[in-house]
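# Topology and contacts: notes
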Amino acid sequence: MRDGGCAGRVCLRCVRHHLDAVHSAMRDGRRIEFVLPAFPTKSPNPAKVLGPLPDLAEELALRFLNELCERISEVYAPGAAILICSDGRVFNDLLGVSDDNVTAYAQALDAMITRIGADRLEQFSLDDVYTGAGHEDMRTMLSAGHAPALEELREEVRAGGAPLAMYRGITRFMLEDLSGPAWTGTRSALQRRCRDLAYRVIQRSRAWGNLLDRLFPTAIRLSIHPQPCGTDKIGILLADTPDTWLTPWHSVAVEAGGRFTLMKRAEAEEAGAELVFAGGRPSHYVLHQAAASHGGGPWDRACA
Ligand SMILES: [Zn+2]
């Protein structure tokens, strides 16, 4: 988290929490294992993404994560692996995303991991926990066994700090995702609905995190959300993007001047970026320099 209170580039307070897990893996000669709740499902908002399936935005993030593990192998022979604990099934009903879309996204992500040879990455989801159960029943069992009370979460958010930042970030995503033409009520009713949904998304993610802690007690927890100094998770940025809350599943990959960033689809198009297809499917955008200087706005912000 920017301004999260860290002391220097490698912060000893942040590292301290994770050193034990790394030391104990190294003592036993085990590979270092990370757990990352991420890659849930694409945002249902067509102004932000190219569709329900993973595209180059996900591919770049997967390549980065695999490369991170390879770099660890260079200094520690048993190496490292990241278990991607897809949390789509955990809260897709709250986002208005179908279970079929969650399944299709996870299967396509698996195929992508195989295709790019990201052999340090594996997927794990609610489907692997409650094998054979119905999707609605899976969510009910998860909540019943592992979710904190909503009142407890409201108190945490009221106290400010990181929980408040998380609540605001998620409320913002819900507003963006649900404010399409499908919403027929007033703006203030939508805001109330999104605030309520944000609490329930946090409640389900917390339940998922609690279950993962139990299932993988020796793993090191990574998080895609910015973390303040010295927490039990290491915050990790999946892409080179100025908005630390933007993820590959809320945006599109945009190439400009030889490097990639993430932008909302509508912003990429407003800036004059050109859509690129790969294997017959929309993949990402390219922003040519002339378009970048004419288009202005979003790209200038992305470079800031
Ligand atoms: Zn720190």
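Predicted model, so just to flag it, every value in this text is computed and none were measured.

Turning our attention to the domain arrangement of the chain. Each assigned domain of the chain is listed here: domain 1 (12–153 + 200–241) and domain 2 (251–304). Relative placement of domain 1 and domain 2: their C-alpha centres are 27 Å apart. On the domain 2 side, the residues contacting the twelve residues of domain 1 number 13 residues. Residue classes in the side of domain 1 that touches domain 2 are distributed as seven nonpolar, two polar and three charged.

Each regular strand carries side chains that alternate between the two faces of the sheet. Inspection of the sheet shows strand 1 (residues 32–36) paired to strand 4 (residues 220–223) by two bridges, in the parallel sense. Looking across to strand 4, one finds that V35 is bridged to R221. Judged from the two bridges that link them, strand 4 and strand 5 (residues 234–235) form a sheet pairing that is parallel. For L222, the partnering residue across the bridge sits in strand 5 and is I234.

The strand order 3-2-1-4-5 describes an open sheet built from five strands, whose pairing is parallel. Each edge of the sheet is formed by a strand with only one pairing partner; in this case those strands are strand 3 (121–124) and strand 5. Sheet topology places strand 1 next to strand 2 (residues 80–85); five bridges connect them, and they run parallel. Each bridged residue has a counterpart across the sheet, and for I32 the counterpart in strand 2 is A80. Along the sheet, helix 2 (residues 56–75) makes contact with strand 1, strand 2 and strand 3, crossing strand 2 at roughly 150°.

Once that is clear, we can look at the packing of helix 6 (residues 135–146) against helix 9 (residues 187–215). As a packed pair, helix 6 and helix 9 sit with axes 9 Å apart at the nearest point and diverge in direction by 75°. One finds that helix 6 runs roughly perpendicular with respect to helix 9. Side by side, helix 6 and helix 9 meet where L142, S143 and H146 of the first sit next to R204, A207, W208, N210 and L211 of the second. The class makeup of the residues in the contact of helix 6 with helix 9 is four nonpolar, three polar and one charged.

To continue, consider the confidence of the model for the chain. Here the chain averages 91 in pLDDT, while 95% of its residues score no lower than 70. Every residue in residues 294–304 is under pLDDT 50, and counting partners more than four places away or in other chains gives 19 contacts.

As a further point, take helix 4 (residues 99–115). One turn of an α-helix holds 3.6 residues; hence residues three or four places apart share an orientation. Given a rise of 1.5 Å per residue, 17 residues ought to cover 24 Å, and the 24 Å separating the end C-alpha atoms of helix 4 matches this to within 8%. Among all positions in helix 4, only V102, Y105, A106, L109 and I113 are buried. The buried side chains of helix 4 occupy one side of the element, clustering within an arc of 95° when seen end-on. For helix 4, the exposed residues set more than 90 degrees away from the buried face come down to D100, A111, T114 and R115. Looking at the buried residues of helix 4, the elements they touch are helix 2, helix 3 (88–95) and strand 3. Among the residues trailing helix 4, G117 stands out with phi positive, at a value near 70°.

Here we come to the environment of E267. As for its position among the elements, E267 is in helix 10 (residues 265–270). For E267, a count of 21 C-beta atoms within 10 Å puts it in the buried group. Along the primary structure E267 and V252 are separated by 15 residues, whereas in three dimensions their C-alpha atoms are 9.7 Å apart.

Read from one edge to the other, the open sheet built from four strands follows the order 7-6-9-8, with strand pairing classed as mixed. The open sheet terminates on both sides in strands that have one partner only, identified here as strand 7 (259–263) and strand 8 (274–278). The sheet shows a mean angle of 40° between the axes of neighbouring strands, direction not considered. Relative to strand 6 (residues 252–256), helix 2 is tilted by about 80°, and along the sheet it contacts strand 6, strand 7 and strand 9 (281–286).

Parameters and conventions
Residues numbered from 1 in each chain as written. Predicted model: local features only at pLDDT ≥ 70, side-chain atom pairs only at ≥ 80, totals over all residues. Domains from an automatic or database assignment. Contact = placed C-beta atoms within 7 Å. Nonpolar A, V, L, I, M, F, W, Y, C, P; charged D, E, K, R; others polar. Pairing = 2+ DSSP bridges. Helix = DSSP H or I, 4+ residues; strand = E, 2+ residues; numbered from the N terminus. Axes fitted to C-alpha atoms, helices over the stretch in contact; angles between N-to-C directions. Parallel < 35°, antiparallel > 145°, perpendicular 65-115°, else oblique. pLDDT = per-residue confidence, 0-100. Expected span 1.5 Å × (residues − 1). Buried ≥ 20, exposed ≤ 12 C-beta atoms within 10 Å, placed from the backbone. Arc of directions from axis to C-beta.

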